Amino acid sequence: MQQPVNNSSLSATPRGATSQGAAALWTLLKKSPAFLPLIGLLLVSVAMAATTDHFFSSDNLINIARQVSINAIIAVGMSCAILSGGIDLSVGSVMALTGTLTAGLMVAGLPPGLAIMAGLAVGIAFGVGNGFFIAYAKMPPIIVTLATMGIARGLALLYTGGYPINDLPDWFEFFGRGNVLGVQTPILVMLLVFIVAYVLLDHTALGRYIYAIGGNEEATRLSGVRVSRYKLLVYALSGGTAAIAGLVLTSRLMSGQPNAGVGFELDAIAAVVMGGTAITGGRGSIVGTLIGAIMLGVLNNGLNMMGVSPYLQNIIKGVIILLAIYISRNSSKRS
Amino acid sequence: MNTILQLQHITKGFPGVKALDGISLSIAAGEIHALLGENGAGKSTLMKILSGIYRPDAGSIVVDGQAREFHSYNDAIAAGIAIIFQEFSLIPYLNAVENIFLGRELSNRLGLLSKQAMRRQAQAIFARLGVEIDLTAEISQLSIAQQQFVEIGKALSLNARILILDEPTATLTPSEASHLFSIMRELRQQGVAMIFISHHMEEIFEVCDRITVLRDGQYVGMRDVADTDVAQLVEMMVGRKLEASFPPKPMRLPSAPIVLEAREVKLAKDSPANSFQLHQGEILGFAGLVGSGRTELALAVIGAQPAWHKEIRLHGQPARLGDPADALRHGIGLLPESRKAEGLIIDFAITENMSINNLAKYTGHGLISRKRELAATRAMMAKVGVKAPGPATRVGSLSGGNQQKVVIARWLNHHCKILIFDEPTRGIDVGAKAEIYRLMRALTGDGYSIILISSELPEITGMCDRVAVFRQGAIVALLEGDSIHSSEVMRHATAGKQ
C-alpha cells in the first residue's frame, strides 16, 4: 500500500489547504474502527474483479447488495449484542418463527398490517426474554440464546407442522421483491435499519451505554447507569432486527419456511467481527458491520461466479474470516 | 542459632518509588519470624523477591551459607523456599493428592499415574502436620483452613525448609487460626523456618519468636517477642514520616447538619451492625486494615452490594438505595477502589468517561449534542486539573493521577454532594496526591461531604475531620480532633487490647 506513505509526507510538508484537508481526512479515516475492514473489502473486491468478468457490472453489484441485505439486517442486532459484551445465537430461529407466524396469520385472514405487527412483536418479545435471563437472572448470553434458539425453532416447526406456509397475499412480495423508485425493497430496508442503528449507537445515550457496558460493565454500573435495563434493551433490539429480516425473507420466498435461517447467526457474527468489532465488546462500529456483511457477500458472489465448488467455498471463506480477525486483533493490540 | 536464610542489603525500585532500600534479615532454622509493617512498607515486595517472582536491584540471598540467585519461583523451591499466597494456587476441582502432585505426578512403568504411591505420600505429609484431610474430596469442598493446610502440605512435599505465610489468618475463623498455629509450632519442632506476615498483633505474640519491622521500604528494627510490646511495635511501624503536603483542616462546625446517616447496616445475617453519620462539609475517614470491611460497608450503603439489613437517612429523610443509580439520584457518588477495574472504561476517551452518567444533560430530542458534551468536558478538565492533550484523549494513556481526576470529575459534573473516595491516591505519585488532597478540601469548603476510605495512615490523619476505625467488619472506634493519631488508629485497627 503506497497511499499512507504518500499522505504522511504530505502532512509533514503541507503545500496547501486541500492536501492538508486530505491528510486530515486520511488520519481520521485511519483511526476509524472501520478502516481495516474497508481495506479488506477493497482487496476482496479487486481480487474478485480480476478473476471474474462481470463483477463490477451494476446488475451484479445490486445483486450482491440484495443478497447481503438479510444477513446485514440481522448483523445490526448482533452488533449491539456483541458491542455490549454479549452475543445472540437465537436470531436465525427467531427469523423462522416470525416469518412463519406472519405468513400463517395472513393466510388465516388476519389483516396483513396486523400480521406483520404480530411477527415483529414476537421477535421483540423473544429478545426481551433473552434479555431478562441475561440481564436480570445474570445467566451467560451464549447459554441463554442457545436455549432460546432451540425454543424458537421448535415453536416454528410446531406452528407449521414442519411444512412451509404458502399462498400469501400477492402484495406481500413488496418487501422481498418489490422496489421503491428503482431501489429494491430489501436493500432499502437494510439501509434504513443501518441508518437508525447508526444514529442510535453514535448519537444517543443508549448507544453510549451499549459501548460502555461492553467496555467495563462494573464501572458503568458503579457510575449509576442501570446496566440491566440497557442490556435487556440490547436483546430486544436484536430480536427486532431478526424479526425484520424474517419478514423480508418470507416475502422474498413468498413462503413461511420453518427451516429458514439455519446458521444465519454464524454469518451475522462473522459479519460483525470482520467489520472490526471486538468479540469481547466495547469496541467497534456499525459501519464496520455493514462493510463486513458486504465483504461476506462479495466473497459468496465472486466464488459462485468463478464456479468454485461449494465445499471449497466454505474452506476459503473460513480462512478469510480467520485472516481478517487475526489482522484486526493485532492492530487493536498495537493501538 | 543455626541461620538458614540471610537477606543482605536487598534493594528494589519500581518506576517512581524505592520499594525496598537495603533490607537485611536473617532467619534461623526452627524459627517463626514475623514481618511487620503498614501497607506499602515493602513486605510483599520482599517476599516476592524471596520467592523468585521479582529480582532485586542489589543485595543477595544466602541460603545455608550459599549465595543464591532466583530467576523464577522454581529456583526458590529448589532452594527449599515455598510461599503460601493469600490467594491460593490450588485447582478447585482436583482433590488434595492431585493438587499436591500437580506438574510432577508419579507414574509407574507403564507411564500411567501411580495413584496409590501419591496417595500414600500425601497421607504421610498430612500425618506429619497432624491434620485430617479428605483426600478424595475436591478442594472446593474443603474449608478455607483445610485448603491452607493442603497448600502447606504441598510446600512440605517439595521439601521446603523455609515457609512464607502471607497473611494466612486473614480468611480464617479464630479456632481455625489456632489450629494453624499448632501446625506452625509442630513444624518449628521439626526445624522448619517460617516467615509469618500478619497485621494482627495478638497472633504475632502468640506464635512468633522474633519480629522484624519495615517502614516505607526501610528496615526499622528487630525485636525478640519476649522483649517488646504492642505499643513499641506500633511506634516502630508508624514512626515519623515524610508527610505529604496536606491542606490545613478547617474548624469543624458542631452545628453542621447530618447529610447521611447509616443505621444498623449488616452485610449478612450474623455480621456486625455498623452505624455512622456524615456531616455536611466534613471528611469522614474509614480506617483499618485491608479486608476489615470498610469498602464493603460503603458499597452496601449505596446499594452497590447487597445488605442483609440497612437503614439510610439522607438529610433526615429515609431513603431507599437499591443500586448505584438510586444513590446517584440521591446525590451520592463513588470513586471506586480500583480505577481500572471499577472506575474507568479504559477504551473510552476522557469525554465519554466523564459524561457516562451525565448524558441527559447534553441530550435533546433523544440525541446527544457532542458540542455541549465536549464543552462541559473541557470545563471540568480545567476545574479538576486533568492534564491531557484534549477531551478526546483515551483515558488508558493517562497517568494514574489524571485518571483519578477523570472519575472525580464525573461526579462533580452532577448534582452529587456526597462523595465516597475509596483509596483515591493508590498508585499515584506524590504531586498528584497533593492535588487530590487540595481538591478534596476545596470540595468540602463548597459544601460537599466526603467519606475517605484509606489504608494509608498519614492520609487518614492528615485529611480526616473524624475517623471511624474498622476491625474485622465492625467499626471499633470513632476518633475526633486530637485523638486522630497514627498510633491510636493503628492500635484500634490491629490489637484492640494491649
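Each remark here, short or long, concerns the structure printed above.
None of these values were measured; they are calculated from a predicted model.

Draft legend 1. The environment of Thr-169 of chain B, seen in detail. All names here are of chain B. Mapped onto the fold, Thr-169 is located in the loop between β7 (162–166) and α6 (174–189). What makes Thr-169 buried here is the crowd of 22 C-beta atoms within 10 Å. Considering only alpha carbons, one finds Thr-169 and Gln-148, 21 residues apart in sequence, at a separation of 9.6 Å. In contact with Thr-169, not counting residues within four places along its chain, are Ala-177, Leu-180, Ser-198, His-200 and Glu-203.

Draft legend 2. Spatial organisation of the environment of Arg-185 of chain B. Residues and elements named next belong to chain B. Mapping Arg-185 onto the fold places it in helix α6. You can call Arg-185 exposed: it has 12 C-beta atoms within 10 Å. Separated by 62 residues in sequence, Arg-185 and Gln-123 have C-alpha atoms that sit 20 Å apart.

Draft legend 3. Up close: the interface of chain A and chain B. Facing the 18 residues of chain A at the interface are 24 residues of chain B. In terms of residues, the side of chain A that touches chain B owes the most to one element, helix α10 (residues 205–222) of chain A, which gives 10 residues. Here the residues of the side of chain A that touches chain B are counted per class, giving 5 nonpolar, 8 polar and 5 charged.

Draft legend 4. Representation of the sheet that holds strand β15 (residues 317–319) of chain B within the structure. All names here are of chain B. The 4 strands lie next to each other as β12-β11-β14-β15, forming an open sheet whose pairing is antiparallel. The outermost strands of the open sheet, each flanked by one partner alone, are β12 (274–279) and β15. Here the strands of the sheet are splayed against their neighbours by 20 degrees on average, with no regard to which way each runs. Of the pairings in the sheet, the one linking strand β11 (residues 258–266) to β12 comprises 5 bridges and is antiparallel in character. Its bridge partner being in β12, Glu-261 is matched across the sheet by Gln-277. Most of the contacts of helix α9 (residues 294–301) go to β11, to which it runs at about 110 degrees, and overall it touches β11, β12 and β14 (309–314).

Draft legend 5. Main features of the sheet that holds strand β21 (residues 466–471) of chain B. All names here are of chain B. Reading across the sheet, the 6 strands line up as β16-β19-β20-β13-β21-β22 and stay open at both edges, with mixed pairing between neighbours. The outermost strands of the open sheet, each flanked by one partner alone, are β16 (332–335) and β22 (474–480). On average, each strand axis in the sheet is inclined to that of its neighbour by 20 degrees, with strand direction left out of account. Two strands pair when backbone bridges link them, and strand β13 (residues 283–288) and β21 are joined in this way by 5 bridges, in the parallel orientation. Among the inter-strand pairings, Ala-287 is bridged to a residue of β21, identified as Val-469. Against the sheet, α9 engages β13, β19 (418–422), β20 (449–453) and β21, with an angle of about 145 degrees to β20.

Criteria and thresholds
Sequence positions are assigned chain by chain, starting from 1 and proceeding in written order. By the order in which they are written, chains take letters starting at A while ligands take numbers starting at 1. Owing to the predicted nature of the model, reporting of local features is limited to residues with pLDDT of at least 70; listing and counting of side-chain atom pairs is limited to 80 or more, with chain, interface and lining totals taken over all residues. What counts as a helix is a DSSP run of H or I of at least four residues, what counts as a strand is a run of E of at least two, and both are numbered from the N terminus. Remark: C-beta atoms are placed from the backbone, and a residue is labelled buried if 20 or more other C-beta atoms sit within 10 Å of its own, exposed if 12 or fewer do, or partly exposed between those counts. Two residues form a contact once the distance between their C-beta atoms, set from the backbone, is within 7 Å. Under this grouping Gly is polar, as are all residues other than the nonpolar Ala, Val, Leu, Ile, Met, Phe, Trp, Tyr, Cys and Pro and the charged Asp, Glu, Lys and Arg. Strands were regarded as paired on the criterion that DSSP finds at least two bridges between them. To obtain each axis, a line is fitted to C-alpha atoms, and for helices this fit is confined to the stretch in contact; angles are then taken between N-to-C directions over 0 to 180 degrees.

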